[in-house]
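The primary structure of each chain is shown beneath.
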Amino acid sequence: EGLKRENISQIIHSAALLPGPGISLDKYYNANVSSTQRLLDWCSNRNIAQVIFISTLSVFGEKPEENTLIEKICPKPISHYGISKFMAEMLIRMELRESGIQASIVRFPSIVGKNASDGIVCHFYECAKHNKDIEVFSKGERHRYLLHISGVVKIILQLLEKKESLGDYEMFFGGSCDSMSVFDI
């Protein structure tokens with residue numbers, strides 16, 4: 001109700017149920033897809049110019065055969081989290097297609113920073129902090145992209161500032177060109 005009185009023209013949709021053990025598809029669907037639909041419904045009756053959706057590289061599941069991720073590769077999620085984020089992406093694309101609202105999807109890798117509570121870096125840190133073994137798969141050779149939260153903020157600010165130069169629907173990968181092996185992390 002309080003948002004009805006606000007003059008909001010741009011939305012950054014970053015709300016999500018993050019990956020965790022034992023979370024059902026229903027919970028992911030309600031948190032990541034149904035909440036997105038409610039937000040889009042809310043936007044439809046207002047003068048919203050842009051929606052930026054924070055997504056994830058988890059929509060791709062396993063590493064593609066080409067060994068390089070590009071925006072045109074078809075997602076093949078293998079987790080409930082990845083499926084729910086991909087469904088939310090497609091919902092945004094469908095619902096905003098003819099709305100006049102600019103939609104940008106940004107797929108981020110693992111995000112790191114002071115208050116991060118999820119991801120490989122946090123997991124390794126917690127294991128080390130509690131003197132537990134750190135289990136490393138694929139001999140530690142698999143590479144991961146990590147992005148500091150300051151880089152995430154910079155990308156989002158650029159999308160907000162450059163809204164006029166964006167197409168009706170844009171898909172971006174947010175991240176660095178540098179990866180680290182799991183062993184190096």
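In this report, we go over the structure that sits alongside the text. Just so you know, these numbers come straight off a predicted model, no measurement behind them.

The next point concerns the overall build of the chain. Scanning the chain for helices and strands turns up four helices and eight strands. When its helices and strands are written in sequence order, the chain yields β-α-β-α-β-β-α-β-β-α-β-β. Relative to its full complement of 185 residues, the chain shows a buried share of 33%. Put simply, 78% of the contacts in the chain that link residues at least 6 apart link residues at least 24 apart. For the chain, the computed accessible surface area is about 11,900 Å², with 52% contributed by carbon and sulfur atoms.

As for its placement among the helices and strands, Ser 35 is situated in helix H1 (residues 25-44). Of note is the side chain of Ser 35, whose polar atom sits 2.3 Å from the backbone oxygen of Ala 31. Leaving out residues up to four positions away in the same chain, Ser 35 has contacts with His 13 and Asn 30.

Moving on, we get to the pairing of strand E2 (residues 50-56). E2 sits mainly inside the fold: seven of its seven residues count as buried. Covered by surrounding structure in E2 are Gln 50, Ile 52, Ile 54 and Thr 56 together with Val 51, Phe 53 and Ser 55, the residues of both alternating faces. Here strand E1 (residues 10-13) runs beside E2; their pairing, made up of four bridges, is parallel. Counted as the bridge partner of Ile 11 is Val 51 from E2. Each parallel crossover has a hand, and the one from E1 via H1 to E2 is right-handed. Note that E2 and strand E3 (residues 102-108) share seven bridges and pair parallel. By the bridge assignment, Ile 52 is partnered in E3 with Ser 104.

This part covers the packing of H1 against helix H2 (residues 80-96). Across the interface, H1 lies against H2 with an axial gap of 9 Å and an inter-helix angle of 20°. For the element pair H1 / H2, the angle class is roughly parallel. Pair H1 / H2 crosses with right-handed handedness. Between H1 and H2, the contacting residues are Leu 25, Tyr 28, Tyr 29, Asn 32, Val 33, Thr 36, Gln 37 and Leu 40 on the first element and His 80, Tyr 81, Ser 84, Lys 85, Met 87, Ala 88, Leu 91, Ile 92, Glu 95 and Leu 96 on the second. Class assignment of the residues belonging to the contact of H1 with H2 gives a composition of 11 nonpolar, five polar and two charged.

Reading guide: rules and limits
- Residues numbered from 1 in each chain as written.
- Predicted model: local features only at pLDDT ≥ 70, side-chain atom pairs only at ≥ 80, totals over all residues.
- Heavy atoms only, no water.
- Helix = DSSP H or I, 4+ residues; strand = E, 2+ residues; numbered from the N terminus.
- Buried < 20%, exposed > 50% of the residue type's maximum accessible area, 1.4 Å probe, protein only.
- Contact = heavy atoms within 4.5 Å.
- Areas by Shrake-Rupley, 256 points an atom, 1.4 Å probe, with all protein chains shown as cover.
- Polar contact = N/O pair within 3.5 Å; in protein donor to acceptor, adjacent residues only side chain to side chain.
- Pairing = 2+ DSSP bridges.
- Right-handed = clockwise from strand over helix to strand, strands pointing away.
- Axes fitted to C-alpha atoms, helices over the stretch in contact; angles between N-to-C directions.
- Parallel < 35°, antiparallel > 145°, perpendicular 65-115°, else oblique.
- Left-handed = near helix turned anticlockwise from the far one by under 90°.
- Nonpolar A, V, L, I, M, F, W, Y, C, P; charged D, E, K, R; others polar.

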